[in-house]
Amino acid sequence: MAWLAALHNSVNLSDKGIPLPVVERTRRTRAEQRRQHVKETARRLFVEHGFHNTGIASIARESGVAVQQLYRDFPAKEDIIAAIVEDDCKKFADLATLDKALALRSRDGVREWLTSATSREDEEGDRLFLEIAAEAARNDRIKQIFLGVRSMMFDNIGRAFAGLTGGGAVTEEHHLLAEAFMMISIGSVFTRIVGADMVGPASSRLVACLLASVCDDAVSG
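Reading guide: rules and limits
Residues numbered from 1 in each chain as written. Predicted model: local features only at pLDDT ≥ 70, side-chain atom pairs only at ≥ 80, totals over all residues. Heavy atoms only, no water. Axes fitted to C-alpha atoms, helices over the stretch in contact; angles between N-to-C directions. Helix = DSSP H or I, 4+ residues; strand = E, 2+ residues; numbered from the N terminus. Parallel < 35°, antiparallel > 145°, perpendicular 65-115°, else oblique. Left-handed = near helix turned anticlockwise from the far one by under 90°. Contact = heavy atoms within 4.5 Å. Nonpolar A, V, L, I, M, F, W, Y, C, P; charged D, E, K, R; others polar. pLDDT = per-residue confidence, 0-100. 1 Å grid on protein atoms, 1.4 Å probe; cavity = no way out; pocket = protein on both sides within 12 Å on 5 of 7 lines; lining within 4 Å. Points joined across faces, edges and corners; volume = space filled by probe spheres on them.

Chemist: Hey, could you go over the packing of helix 8 (residues 123-136) against helix 9 (residues 140-164) for me, with residue numbers and the actual values?
Modeler: What describes two packed helices is the angle between their axes and the distance between those same axes. Between helix 8 and helix 9, the shortest axis-to-axis distance is 7 Å and the interhelical angle comes to 125°. Judged by the angle between their axes, helix 8 and helix 9 are oblique. Note on packing geometry: the crossing formed by helix 8 with helix 9 is left-handed. Counting all contacts with helix 8, which are made through F129, I132, A133, E135 and A136, the residues of helix 9 involved are I142, K143 and F146. A breakdown of the residues in the contact of helix 8 with helix 9 according to their chemical character gives 6 nonpolar, no polar and 2 charged.

Chemist: How would you summarise the confidence of the model for the chain if you had to cite specific residues and measurements?
Modeler: Per-residue confidence for the chain averages 81 on the pLDDT scale, and 82% of its residues sit at or above 70. Predicted confidence for residues 1-16 stays below pLDDT 50, and this span has 9 contacts to residues more than four positions away or in other chains.

Chemist: Account for the layout of surface pockets, naming residues and giving values.
Modeler: It is the rolling of a water-molecule-sized probe over the atoms that shows where space remains empty. The volume enclosed by the second largest pocket comes to roughly 230 Å³. Contributing to the lining of the second largest pocket are A101, L102, R105, S106, R107, V110, R159, A162, G163, G166, G167 and G168. Contributing elements (two or more residues each) for the lining of the second largest pocket: helix 6 (95-103), helix 7 (107-119) and helix 9. If one sorts the elements of the lining of the second largest pocket by residue count, helix 9 sits on top with 3 residues. Its residues placed into classes, the lining of the second largest pocket shows 4 nonpolar, 5 polar and 3 charged.

Structure follows, in structure tokens:
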């Protein structure tokens, strides 16, 4: 088990900013590439066949990664979903942009961040979101993942509305606005995936009305 100790030490060195040995960096890179490949394969299979109907064996076969190795990387199928959701959140939440806008007290920047959150089009992402939402009703681990993502977005949207109104602290009113915003955003995903016409323009109009009312209140206040 000496290699485990060496790997543990290399992780600690990396965390402290000390460069890893070339062999360890290569090993880590290959592991990260393998994990990424598994996540991309699983994502496609979940969208095509559903989470419930996609087994570890299918993911292993389609990815070309041995079942034993796959279980070492992801102890359970839910761990793959958790990793996919984490990647998607980093990609779409774009919290760095929101943080910058709030730090600069840029209402235009905050407004743009909120608007962009409902204007992105990602059919595969929408289908995966609905699949996770459906599975959350019967799988407690998936439910916790789903609720965790929702809570994170809810908190940050509340921060955005606090920034729009010029306040520092997030109030109950900002939480109410965040809930209304999420109803529009999540509702548009459900409606868009079934092919309804004019979903994009309609949701954009609703968001524009919501933001306009907030900005008007901030000016009049």
